[in-house]
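Fold and contact review
Residue strings, one per chain:
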Amino acid sequence: MKQEFYELTNPQKPIWLTEQYFTDTAVNTICGYTFITDMVDFEVLKKAIYEMVKSNDGMRLKIKIKNNIPSQYISDFEPFYIPTIELSSKEELEKKALEVANTPLFQVDETLFQFILFKLPDDSGGFIISVHHLIR
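Note that residues are indexed from 1 along each chain, following the sequence as it is written. It should be noted that, the model being predicted, local features are given only for residues of pLDDT at least 70 and side-chain atom pairs only at 80 or more, the latter also being counted only at that level, while totals for whole chains, interfaces and linings use all residues. Heavy atoms from the whole structure form the basis of all side-chain values; hydrogens and water molecules are not counted.

1. What to know about the side chain of Thr 29
You can see Thr 29 is positioned in strand 2 (residues 29-36). Thr 29 has contacts with Val 100, Ala 101, Thr 103, Leu 105, Ser 130 and Val 131, leaving out every residue within four places of it along the chain. The way it works is that DSSP assigns letters per residue, a run of H or I at least four long becomes a helix, a run of E at least two long becomes a strand, and they are numbered from the N terminus. Pairs of residues are marked as contacts when any of their non-hydrogen atoms sit within 4.5 Å.

In structure tokens:
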């Protein structure tokens, strides 16, 4: 399928410039987590995440550089790797979320988000999400 490329929007352009100035940093990373207090079915949670990404074009934005000019395109949905980690406490969850928030996310022609499923000893859990600010 032929990709259609689009110019960055006016709100995206300063985000792009910030990304170029602060390369290899997490300056444009937005991160948070959802904690589910009940027992979590991780296969159902993973399917729900896939469905959200599949039905939301903005989550599938990728950036391509042509002649030193960024453009964006919407990639087709493909299932992606979502790791599951085991954590010992909510304090460890906070530390992991902070670590993810401080990890650079931007790469050309790659997804601009990351999900990590987490499980606590009492079978509660949820997911950590990290999204690049170019996704608007």
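2. Topic: unusual backbone geometry
Negative phi characterises most residues that are not glycine, and trans characterises most peptide bonds. Of note, the phi angle at Asp 24 is positive, near 60°, even though the residue is not glycine. One non-glycine residue, Asn 68, adopts positive backbone phi at about 65°. Position of Asn 68 relative to the elements: it lies in the loop between strand 3 (61-66) and strand 4 (69-74).

3. Things to note about the environment of Ser 124
With respect to the helices and strands, the residue Ser 124 is situated in the loop between strand 6 (113-119) and strand 7 (125-132). Using a relative accessible area of 1% as the deciding quantity, one classes Ser 124 as buried. Along the sequence, Ser 124 and Ile 36 sit 88 residues apart, while their C-alpha atoms lie 5.9 Å from each other. Not counting residues within four places of it along the chain, the set of residues in contact with Ser 124 comprises Phe 35, Ile 36, Thr 37, Asp 38, Val 40, Phe 118 and Lys 119. Burial status follows relative accessibility: with a 1.4 Å probe on protein chains alone, a residue under 20% of its type maximum counts as buried, one over 50% as exposed, and anything between as partly exposed.

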